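# Summary of the model geometry
Listed below are the residues making up each chain.
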Amino acid sequence: MATSIFRAVRSELVRSRRRGVLLGWLGLTAVFAVLANSVMFSVATGSGGAPEGPGVAFPPLEELQSAAGVTAGLGAASSMFGLVTLAFWAVLTATDHSTGLVRLLVSAQPRRGLLLAGKVLALSVLTAVAAGVALVVNIVAAPLAAGAAGVTTQAWTSAGPGALAGAWLDLLLTLLVWGLLGLVLATVSRSAAIAVSVGAGWVLLVEGVVGSALSDLADWLPGSALTALAQGGTATLSYSSAATAATAYALIGIAVAHTVVTRRDVTD
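An account of the accompanying structure is given in this report. All of these numbers come straight from a predicted model, not from anything done at the bench. (Residues numbered from 1 in each chain as written. Predicted model: local features only at pLDDT ≥ 70, side-chain atom pairs only at ≥ 80, totals over all residues. Heavy atoms only, no water.)

## Section: the packing of aromatic side chains
Under the defined criterion, the tally for this structure stands at two aromatic pairs. With 6.0 Å between their ring centres and 50° between their planes, F41 and W156 make a pair best called tilted. Here the residue F41 occupies a position in helix 2 (residues 19-44), and W156 occupies one in the loop between helix 7 (112-149) and helix 8 (161-189), the gap between them amounting to 115 residues. (Phe/Tyr/Trp six-rings, centres within 6.5 Å; stacked < 30°, edge-to-face > 60°. Helix = DSSP H or I, 4+ residues; strand = E, 2+ residues; numbered from the N terminus.)

Shown next, in the form of structure tokens:
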């Protein structure tokens, strides 16, 4: 079985590492990392305070001046990173259906669960690379943005490799759940456009409405819980609670995807 999974992962990586896909994914990740830091520090030093809204999670000035400020941009832009990850997982999943490639894959490997596992593992590797790019760009952009905004950064020197690795891991776990959501939506709908539209619509509109109507559940909704996970926990949702919620969403997503993949007729 290990050999079969390895082959499935290798096959998926070969098909996924197209230059346009990788440049688009990593390029958008880098752009959002730069934009998040630029806006985050300028907003923190303004008179309006940290804004609130769909997909917005800017920390206050006090947090930016602490040791955690050097990686605060990762949490601030986690929803945007998440949408990018969701989109590319959805595109790489839906393409198998739109091109008819899924029929060939199933013919070569009838054990569809292994195909699904190979795809998830391969896309997880690419997601780890994207999270690494976000971290590196953030480390470069944060001091420049802080200097331009006049934010004190002396405390940042205490943020060692362990803190940076922890921030990368939190972002990676967050993005993996976003990616699984994209995979599930694309698997069910067989359309990347529908999957991306649903994901973006949820973050930008639906979650805000649902959160307002059901305030007790607002912090446990996917977007809020995943943002809290990327930020290492918030005042309203602890890190452990956010991790629990993220794990639950991931397991539900995997169960739905596995059910659809193993039972759907791919000959039509």
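## Describing the side chain of K119
With respect to the helices, strands and loops of the structure, K119 is situated in helix 7. Among residues more than four places away in sequence, those in contact with K119 are E12, L92, T93, D96 and L183. (Contact = heavy atoms within 4.5 Å.)

## Notes on the pattern of salt bridges
Following the criterion strictly, the structure yields one salt bridge and no others. The partner of K119 in a salt bridge is D96, with the nearest N and O atoms 2.9 Å apart. Residue K119 is found in helix 7, and its partner D96 is found in helix 5 (residues 78-98); the two are separated by 23 residues along the sequence. Residue class for K119 comes out buried when judged on its relative accessible area of 9%. Overall, the relative accessible area of 7% leaves D96 in the buried class. (Salt bridge = Lys/Arg side-chain N within 4 Å of Asp/Glu carboxyl O. Buried < 20%, exposed > 50% of the residue type's maximum accessible area, 1.4 Å probe, protein only.)

## A look at the environment of D96
As for D96 and R190, which are separated by 94 residues in sequence, their C-alpha atoms are 8.6 Å apart. Apart from residues no more than four positions distant in its own chain, D96 is found in contact with E12, R15, L101, V102, L105 and K119.

## Notes on the nonpolar core
Most often, soluble globular proteins keep nonpolar side chains buried together rather than apart. Core analysis: the biggest nonpolar cluster contains 42 residues, and W25, L74, F81, W89, L171 and W178 have the highest contact counts within it. When residues of this core are traced back to their parent elements, those giving at least two are helix 2, helix 5, helix 7, helix 8, helix 10 (222-230) and helix 11 (239-263). In this structure W89 touches W25, V120, L123, S124, T127, L176, G179, L180 and L183, once residues within four positions along its chain are discounted. The next biggest cluster of nonpolar side chains, apart from the first, holds 14 residues, and it includes F41, A145, V151 and A159. (Core = buried A, V, L, I, M, F, W, Y, C linked by side-chain atoms within 4.5 Å.)

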